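# Tertiary structure, described
Here is what each chain is made of, one letter per residue.
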Amino acid sequence: MKTSIFGADQDKYFMGKALIEARKAYAKDEVPIGAVIVGPEGTIVARAYNRVESAHTQCAHAEVQAIQKAGKKRGDWRLDGHWLYVTLEPCTMCMGLIFLSRLSGVVYGADSPLFGYRLDKVGTSRVYKKDALVVIKGVGVQESAKLLKHFFQGKRKKGEWYESGFTKN
């Protein structure tokens with residue numbers, strides 16, 4: 001299995017921190033997606049969870065918020081050498097921001113068969129990026145997928161969400 005520059009054990013550790021953020025989203029009745037940004041030195045720079053429903057905007061994805069927080073903390077929008085750990089495969093919007101922010105890598109848990117960036121084949125984009133972005137999938141996949149599945153099963157039982165999982169009644 002492919003690993004980040006931090007190694008497999010640290011990848012699991014950082015994904016565990018992203019899962020903590022996802023659980024916060026779940027507790028707030030948001031789609032349970034969490035993200036952390038890890039700096040080149042191997043410390044967490046930013047943490048965030050999905051807030052799309054409460055903020056009433058798609059710009060409140062966990063990845064977007066984590067990148068904003070990291071940029072603010074670093075005092076620079078360029079996040080060269082930083083890695084994003086996120087519980088669900090980023091969408092095209094988030095992947096564009098990841099490229100533009102110059103992150104070095106993305107580690108994600110569960111695939112997103114509805115909105116994942118791979119559906120639009122943007123993974124080969126090299127806009128503003130000197131080096132290829134490293135993408136690692138499947139770290140923490142079981143827990144990430146289980147959390148999402150449980151969330152949407154509950155929503156469907158209550159009749160609050162369509163089968164697509166993201167469109168409200």
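Description of the structure in this document. Since we're looking at a predicted model, the values are computed, not measured.

## Focus: the state of the cysteines
One pass over the structure, following the stated rule, counts 0 disulfides. The thiol of Cys59 is not disulfide-bonded; the next cysteine sulfur, from Cys94, is found 9.2 Å away.

## Considerations on the sheet that holds strand β4 (residues 105-110)
Here 5 strands make up an open sheet; going across it, the order is β2-β1-β3-β4-β5 and the pairing mixed. A strand with exactly one partner marks an edge of an open sheet, and here the two such strands are β2 (44-49) and β5 (134-137). If you compare each strand with its neighbour and ignore which way they point, the axes differ by 15° on average. Looking at chain direction, strand β1 (residues 34-38) and β2 are connected through 5 bridges and run antiparallel. Residue pairing for β2: Ala35 is matched across the bridge by Ala48.

## A word on the packing of aromatic side chains
Applying the stated criterion across every chain yields a total of 6 aromatic pairs. Between the aromatic rings of Phe6 and Trp83, the centroid separation amounts to 6.3 Å while the plane-to-plane angle is 70°, which identifies the pairing as edge-to-face. With Phe6 in the segment before α1 (8-27) and Trp83 in strand β3 (residues 83-88), this residue pair connects regions lying 77 residues apart in the sequence. The same class applies to Phe6 and to Trp83, which are both buried. Centre to centre, the rings of Tyr26 and Phe151 are 5.6 Å apart; their planes meet at 65°, and the pair counts as edge-to-face. Placement of the pair is Tyr26 in helix α1 and Phe151 in helix α5 (residues 141-158), with a sequence separation of 125 residues. In textbook terms, an aromatic cluster arises when at least three aromatic residues are bridged by ring pairs, as seen for Phe6, Tyr13, Phe14, Trp83 and Tyr85.

What counts as what
- Residues numbered from 1 in each chain as written.
- Predicted model: local features only at pLDDT ≥ 70, side-chain atom pairs only at ≥ 80, totals over all residues.
- Heavy atoms only, no water.
- Disulfide = S-S within 2.5 Å.
- Pairing = 2+ DSSP bridges.
- Helix = DSSP H or I, 4+ residues; strand = E, 2+ residues; numbered from the N terminus.
- Axes fitted to C-alpha atoms, helices over the stretch in contact; angles between N-to-C directions.
- Phe/Tyr/Trp six-rings, centres within 6.5 Å; stacked < 30°, edge-to-face > 60°.
- Buried < 20%, exposed > 50% of the residue type's maximum accessible area, 1.4 Å probe, protein only.

By themselves, these are just geometric observations and shouldn't be taken as functional.
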